[in-house]
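Here are the chains, one letter per residue:
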Amino acid sequence: MNFGKDAAFAAVTEVPFNGHPPLEALAQAHLTPIDLFFVRNHGDVPLLNPATHGLSIEGLVEHPRSLNLHDLAALEPVEITAALQCAGNRRDELLAVAPIPGELPWTAAAISNAVWGGVRLRDVLMHCGPLADAAHVAFTGLDSVSREGQTFGFGGSIPLAKALDPDTLLVTHMNGEPLSPVHGGPLRVVVPGYLGARSVKWLSTITVLAEPSTNYFQQKAYRMLPDGAMLGENAPNSVICWPSKDSQHPAGTLSVLGYALSGGDPIERVEVSADDGRTWQPAQFLDEPASRWAWRLWSVTVEVRPGEQQLIARAFDAAGRTQPRDTGPLWNLKGYANNAWHRVHVKIQD
Ligand code: MTE
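Conventions and cut-offs
- Residues numbered from 1 in each chain as written.
- Predicted model: local features only at pLDDT ≥ 70, side-chain atom pairs only at ≥ 80, totals over all residues.
- Heavy atoms only, no water.
- 1 Å grid on protein atoms, 1.4 Å probe; cavity = no way out; pocket = protein on both sides within 12 Å on 5 of 7 lines; lining within 4 Å.
- Points joined across faces, edges and corners; volume = space filled by probe spheres on them.
- Nonpolar A, V, L, I, M, F, W, Y, C, P; charged D, E, K, R; others polar.
- Core = buried A, V, L, I, M, F, W, Y, C linked by side-chain atoms within 4.5 Å.
- Buried < 20%, exposed > 50% of the residue type's maximum accessible area, 1.4 Å probe, protein only.
- Helix = DSSP H or I, 4+ residues; strand = E, 2+ residues; numbered from the N terminus.
- Contact = heavy atoms within 4.5 Å.
- Near = heavy atom within 4 Å.
- Polar contact = N/O pair within 3.5 Å; in protein donor to acceptor, adjacent residues only side chain to side chain.
- Areas by Shrake-Rupley, 256 points an atom, 1.4 Å probe, with all protein chains shown as cover.
- Sits in = over half its atoms within 2 Å of the grid points.
- Pairing = 2+ DSSP bridges.
- Axes fitted to C-alpha atoms, helices over the stretch in contact; angles between N-to-C directions.
- Salt bridge = Lys/Arg side-chain N within 4 Å of Asp/Glu carboxyl O.

A full pass over the atoms with the stated rule returns one cavity of 30 Å³ or more. Lining the largest cavity we find 19 residues, and of these R40, R188, G196, S199 and K201 sit closest to its centre. Tallied by class, residues from the lining of the largest cavity come to ten nonpolar, five polar and four charged.

For the rest of this paragraph, the subject is the nonpolar core. Counting 37 residues, the largest nonpolar core has L72, F139, L170, I206 and Y222 as the members making the most contacts within it. Those elements that place two or more of their residues in this core are β3 (54-59), α2 (69-73), α4 (121-128), β7 (136-141), α5 (160-163), β14 (203-209) and α6 (216-219). Of the residues forming this core, the biggest block, four residues, is contributed by α4. When near neighbours in sequence (up to four residues on either side) are disregarded, Y222 contacts H42, A87, F154, L195, A197, R198, F217, A229, M230, L231 and Y336.

As a structural note, the neighbourhood of the ligand is formed by 19 residues, with F38, D143, H183, R188 and K201 the closest of them. H183 has a polar side-chain atom sitting 2.7 Å from an oxygen atom of the ligand. Interatomic distance of 2.7 Å between a side-chain N/O atom of R188 and an oxygen atom of the ligand. Relative to its free-state accessible area of 530 Å², the ligand is covered by the protein chains to the extent of 100%. Spatially, the ligand is embedded in the largest cavity. Class assignment of the residues belonging to the shell around the ligand gives a composition of ten nonpolar, five polar and four charged.

Moving on, we get to the sheet that holds β14. Read from one edge of the open sheet, five strands run β4-β3-β14-β7-β10, paired in mixed fashion. Since the sheet does not close on itself, it has two edges, and those belong to β4 (65-68) and β10 (155-159), each with one partner. When strand polarity is set aside, the average angle formed by the axes of neighbouring strands in this sheet is 20°. For β3 and β14, the ladder comprises four bridges, and the chain directions are parallel. By the bridge assignment for β14, G59 is matched with V208.

Turning our attention to the pattern of salt bridges. According to the stated counting rule, one finds twelve salt bridges in the structure shown. As a salt-bridge pair, E76 and R120 come within 3.2 Å of each other at their nearest N and O atoms. Pair noted here: E76 is in the loop between α2 and β5 (78-85) and R120 is in strand β6 (residues 111-120), with a separation of 44 residues, a long-range link. One salt bridge connects R314 with E271, and the closest N-O pair in it is separated by 2.8 Å. Taken as a pair, R314 in strand β22 (residues 307-317) and E271 in strand β18 (residues 267-273) lie far apart in primary sequence, 43 residues in all. Both residues of the pair, R314 and E271, belong to the buried class.

Rendered as structure tokens:
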């Protein structure tokens, strides 16, 4: 089963279904077509009936509630363009440093950009009245994931302040279409700017808590160290989508295309070097930011001389934060959050 994906979509695993578009395709459209949008699943893809799907809001709220999609549709509709990036994006470069057992070898294509339609999580939470000790909002999906001898729904949580951000959404539509089953239909969370894992699919339960979720995917996975900080906001990142790794090109000028994003301050500048970081050329952005959470596609033309050549990209956000130079020091046990300078080797002919 390919869940309606394009023939060019590359499956990473069939069961559970995981895959990504060709990296070059990402730089070709500001909104990633649904049939190319990357997929990250930890278990089955539940096929749910939108007519009967229910959402319960419980925990530290004055008025726990059960809502259906009709109830949600009565709230103010909102659309936000936001990139979704898996914490494992660019793990293949970390794998070149040292093995990372048990994790998928994602390339730099575990990311996509879409316009998400739904309602504000804030509107639903305010309707339920978070109590004074509420500090985190947990989400649980209806899929079945098995870990450490237990089977449960994928879940995670975000701080209450992020949940009350007007851009954090309960999503029923993607690029104007009803949300498809493989992307969490009929209902998912989209937490713009955070690692993709917090955008829980097949959402059935929202629990308001004093502490972060106890779900495996909050407590054990998605930490850089077993007892280290839980991952949250995406750091600045930029990637060269074109030319492809090890491709051949004539000497002269070469167009370089890519994406950049940040979960904090917006991306302000992208630079490319064709001389191992001695000099940098600023890239031009190809799109107006649809929102501060959308990715920026960029392009730049560089001079290339015959021989082996490395192209390097790096981005800066509006606060001056940038990407670290090397992948080595970023290596971690689970292979998360690689945002080192992105390097692509190409061969230039005489
Ligand atoms: N939600 C559920 N219920 N189950 C999952 O396996 N994967 C998470 C998140 N939400 C997941 C989930 C991860 S790790 C990512 S990166 C995103 O969904 C991927 O969303 P997508 O498949 O729509 O691209």
